[in-house]
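Spelled out, the chains give:
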Amino acid sequence: MPDSGYPWPIETTRLDNGLRVVVSEDRTAPAVAVNLWYDVGSRHEPTGQTGFAHLFEHLMFEGSVNVAKTEHMKLIQGSGGSLNATTNPDRTNYFETVPAEHLELALWLEADRMGGLVPALTQETLDNQRDVVKNERRQRYENVPYGDAWLRLLPLLYPPGHPYHHATIGSMADLNAADLATFQAFHQTYYAPDNAVLTVVGDATAAEVFTLAQRYFGAIPARGDIPAAPDGHTVAGTGRPVVETVTGDVPAARVYVAHRTHPFGSPGYDVATVAVTVLGSGRGSRLYQRLADGERLAQPDLVGAYGVDLAHAPAPVIATATARPGVSAEQLAAGVAEVVDELTTVPVTAAELDRAKALLSTAWWRQMSTVDGRADALGRYATQFGDPARTADRLPGWLSVTAGQIAELAADLLTPADRVTLTYLPEETR
């Protein structure tokens, strides 16, 4: 296995309008991935405009100056390609993977909705997609057991006014209150070439991509004065645990234990990533071994831990478990907390460390095995850290983590005094 996390060529340029273009040529298969990262997510949303970035994830598929409603999707899929978009607190990205001969089509489509969405945006389209987002909120967050856990955890982890205080789905009241002009202004502010990174990976040369990027994106004017998101890197610990209990229509008690660590991309977050893998990834993890196999407090398929890769504030790590029948929420919460606390008192063994690094290496190379996975990684590092080549640092960063560093991180940041515990109780336990 190579030591570098990205053993492929990377070439970059910047158009006069500020668009950064990243190309990684790979002739293995006649396909290309096109990935466009916009540096706008829910952390950029001003008060009263929560949910805007996510709504535009939907609106960007609803037509632009030269592309009719839903035609973007039809053209890509009709060419044998696939496409999607995602929004998180840090960014919004749009991506297609197409046969190499359709690279020009994909770039034209992305350029048309970057520069031509606002003139085509109508009140009818806006109202329709607002309804789609409301339905998504109901289906994903409100009408499924434990579905609103992330909506609840964020304000418990980050205080009012912090850019991560609210989730990307946003407030339905904010979405309802804004008029067409407000949404148009939001798009004109953030969806600009000088706030974006275009990445192409696959069967295309850098010269070819740079020429096409200039042809289709070059005439879109730069914004020039894009507002920065509020600074959220400092979150003062209160020294007091935060506890919230929710009683609702859930089948069993569930506990989430969360802590703020370091921003994604930092050496400290590499340590947190390995630590949380030891703690909660798979049947060999500490949480599974103790709570599912050992004390039999947690349901085997519903116990684990993970980090949330947020780059502009102390990113959270979250441990979670769902109770077996007859196990109380108090027993479960105490069990989860005990396993987390033991990262400080019970040293991580060489076998645990090797296992965690093997799991992370496998996950990384699984992403790197596809052109779309590589394009997304390069776009992330170019957008968030200014250098796509930093993608190569991620795997070596994990592999260099020591057991001592995990113990130090746990003692500093995974403490009971700065812990968030969210508990769900079935309604009959009231």
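Residues numbered from 1 in each chain as written. Predicted model: local features only at pLDDT ≥ 70, side-chain atom pairs only at ≥ 80, totals over all residues. Heavy atoms only, no water.

The chain goes by Insulinase family protein in an unreviewed UniProt entry, where it is assigned to Micromonospora humida.

Taken from the UniProt record, the annotation "domain: Peptidase M16 N-terminal" (unreviewed entry) applies to residues 21–139. Here residues 21–139 is 43% helix and 23% strand, with 37 Å between the C-alpha atoms at its ends. (UniProt positions renumbered as here; feature names shortened; annotations may be inferred. Helix = DSSP H or I, 4+ residues; strand = E, 2+ residues; numbered from the N terminus.)

All right, on to the sheet that holds strand S7 (residues 242–248) then. Taken together, the five strands give an open sheet; going across it, the order is S7-S11-S8-S10-S9, and neighbouring strands pair in mixed fashion. Where the open sheet ends on each side, the last strands, each with one partner, are S7 and strand S9 (298–307). Strand-to-strand twist across the sheet, computed as the mean angle between neighbouring axes with direction ignored, equals 10°. Sheet analysis places strand S8 (residues 254–260) next to strand S11 (residues 420–426), joined by five bridges and oriented antiparallel. The residue of S11 that forms the bridge with Ala258 is Val420. (Pairing = 2+ DSSP bridges. Axes fitted to C-alpha atoms, helices over the stretch in contact; angles between N-to-C directions.)

Moving on, we get to the pairing of strand S3 (residues 31–38). Counting buried positions over the eight residues of S3 gives seven, a clear majority of the element. The sheet contact formed by S3 and strand S6 (residues 196–202) spans seven bridges and is antiparallel. Bridge pairing links Asn35 to Thr199 in S6. (Buried < 20%, exposed > 50% of the residue type's maximum accessible area, 1.4 Å probe, protein only.)

One way to see where empty space is left: roll a probe the size of a water molecule over the atoms. Of the pockets and cavities examined, the largest pocket occupies roughly 490 Å³. Contributing to the lining of the largest pocket are 25 residues, with Thr87, Arg140, Tyr141, Trp150 and Thr168 lying nearest its centre. Of all the secondary structure elements, the ones that give two or more residues to the lining of the largest pocket are helix H1 (52–59), strand S4 (82–87), helix H4 (123–142), helix H5 (149–157) and S9. When grouped by side-chain class, the residues that make up the lining of the largest pocket number 13 nonpolar, seven polar and five charged. (1 Å grid on protein atoms, 1.4 Å probe; cavity = no way out; pocket = protein on both sides within 12 Å on 5 of 7 lines; lining within 4 Å. Points joined across faces, edges and corners; volume = space filled by probe spheres on them. Nonpolar A, V, L, I, M, F, W, Y, C, P; charged D, E, K, R; others polar.)

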